Amino acid sequence: MIGVLERRRKWLAFCLTGLAGYVDGLGFLAAGGMFVSFMSGNSTRLAIGAAERSVTALIALGLIGAFLTGVIAATLVATLVQKRRKSAVLGLVSLLLASSATLAHAGAGAFAPLLMAAAMGAENLVFQRDGEVSIGLTYMTGAVVKAGQRIGMALLGGPRWDWLPHLLLWSSLVTGAIIGALSFHRLGVDGLWFTALAALLLAVWAGLIERTGEPA
């Protein structure tokens, strides 16, 4: 039974990373080349914008602040809810994405990326262990490093397939970003409604997993 639960947890992580990729791909195009889930990229844009005295620095700073706010909000929710934190945090993510879509639909699209960034910050609090984030869902540098490390260990006679989950996590983000970009070209920011619905469905799935007593 434990093995089955662990597989469910991994698939939930893959789906959430795909969702993050979708939001970031759509958000990147909607925000004119800024990121809504990748704060390392925005930090670089902030630094370059500051050096060039460009408004880009303010936009990047706003997105970083929104992302941080989402992390803080999700931390509060997760702490208050405890045993149902996965579903509760994903409920918050769904609410933020729906609010972003509503703003965009109401003609305030310039502010929609801020709520998208807040949602992506919150999403990273879904998986925790001992009070710390155990799986980063919106940034893949660590996953790529771990995949490379596991491949190197496999070449030295270590476990043959330990690298695969990390590569699948990265692939989920890339696939989601492709779909998000295609969605933006067809639907514009209205494609965000699908992300809000997806986050809500994933919240229900997470709730079912939590009822089985699976660890964080």
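Residues numbered from 1 in each chain as written. Predicted model: local features only at pLDDT ≥ 70, side-chain atom pairs only at ≥ 80, totals over all residues. Heavy atoms only, no water.

A. Looking closely at the nonpolar core. Among the nonpolar cores identified, the biggest contains 48 residues, and Leu16 and Phe127 are the most heavily contacted of them. For this core, the secondary-structure elements that each account for two or more residues are helix H1 (2-30), helix H3 (56-81), helix H4 (85-105), helix H5 (112-123), helix H7 (164-187) and helix H8 (192-211). Ranked by the residues each element gives to this core, the list is headed by H1, at 9 residues. If near-sequence neighbours (up to four positions away) are discounted, Leu16 is found in contact with Leu90, Glu123, Val126, Phe127, Leu137 and Leu202. (Core = buried A, V, L, I, M, F, W, Y, C linked by side-chain atoms within 4.5 Å. Buried < 20%, exposed > 50% of the residue type's maximum accessible area, 1.4 Å probe, protein only. Helix = DSSP H or I, 4+ residues; strand = E, 2+ residues; numbered from the N terminus. Contact = heavy atoms within 4.5 Å.)

B. How the structure looks around the packing of H3 against H4. In contact at an axis separation of 9 Å, H3 and H4 are set at 145 degrees when each is read in the N-to-C sense. For the element pair H3 and H4, the recorded crossing hand is right-handed. Seen from H3, the contacting residues are Ala73, Ala74, Val77, Ala78 and Val81; seen from H4, they are Arg85, Ala88, Val89 and Leu92. Of the residues in the contact of H3 with H4, the class split is 8 nonpolar, no polar and 1 charged. (Axes fitted to C-alpha atoms, helices over the stretch in contact; angles between N-to-C directions. Left-handed = near helix turned anticlockwise from the far one by under 90°. Nonpolar A, V, L, I, M, F, W, Y, C, P; charged D, E, K, R; others polar.)

C. Expanded view of the layout of surface pockets. There is about 380 Å³ of room inside the largest pocket. Lining the largest pocket are 15 residues, with Ser134, Ile135, Lys146, His166 and Leu169 sitting closest to its centre. Take the lining of the largest pocket: its biggest share by element is 5 residues, from H1. Broken down by class, the residue content of the lining of the largest pocket amounts to 7 nonpolar, 4 polar and 4 charged. In this structure, the second largest pocket occupies an estimated 180 Å³ of space. Around the second largest pocket, the lining residues are Phe14, Cys15, Gly18, Leu19, Tyr22, Ile179, Phe194, Thr195, Ala198 and Leu202. (1 Å grid on protein atoms, 1.4 Å probe; cavity = no way out; pocket = protein on both sides within 12 Å on 5 of 7 lines; lining within 4 Å. Points joined across faces, edges and corners; volume = space filled by probe spheres on them.)

D. Representation of the environment of Gly121 in the model. Relative to the assigned elements, Gly121 resides in helix H5. Gly121 gets classed as buried once you look at its relative accessible area, which sits at 0%. On a C-alpha basis, the gap between Gly121 and Ser37 in space is 7.0 Å, while along the polypeptide they are 84 residues apart. Every residue in contact with Gly121, bar those within four places of it in the chain, is listed here: Phe67, Gly70 and Val71.

E. Representation of the UniProt feature "transmembrane region" (unreviewed entry) in the protein chain within the structure. UniProt's entry tags residues 12-38, 58-81, 88-112, 163-184 and 191-209 with the feature "transmembrane region" (unreviewed entry), counted in the numbering of this structure. Taken end to end, residues 12-38 is 70% helix and 0% strand, and its two terminal C-alpha atoms sit 20 Å from one another. Segment residues 163-184 splits into 95% helix and 0% strand. End C-alpha atoms: 32 Å apart. (UniProt positions renumbered as here; feature names shortened; annotations may be inferred.)

F. Molecular detail of the side chain of Asn124. Topologically, Asn124 is positioned in the loop between H5 and strand S1 (128-129). What makes Asn124 buried here is its relative accessible area of 5%. Within polar-contact distance, the side chain of Asn124 engages the backbone oxygen of Met120 at 2.9 Å. Leave out the neighbours within four places in its chain, and Asn124 touches Phe67, Val133, Ile135, Gly136, Leu137, Thr138 and Tyr139. (Polar contact = N/O pair within 3.5 Å; in protein donor to acceptor, adjacent residues only side chain to side chain.)

G. Focus on a nonpolar patch on the surface. Where nonpolar side chains cluster on the molecular surface, the patch consists of Val144, Trp161, Leu164, Leu167, Leu168, Trp170, Val174, Ile178, Ile179 and Leu182 and spans about 890 Å² of accessible area. In terms of residue count, the dominant contributor to the nonpolar patch is H7 (8 residues). With respect to the helices, strands and loops of the structure, Trp170 is situated in helix H7. Here Trp170 falls in the partly exposed class, since its relative accessible area comes to 37%. (Patch = residues over 30% accessible without salt bridge, like charges linked within 9 Å, V, L, I, M, F, W, Y side chains within 5 Å. Areas by Shrake-Rupley, 256 points an atom, 1.4 Å probe, with all protein chains shown as cover. Salt bridge = Lys/Arg side-chain N within 4 Å of Asp/Glu carboxyl O.)

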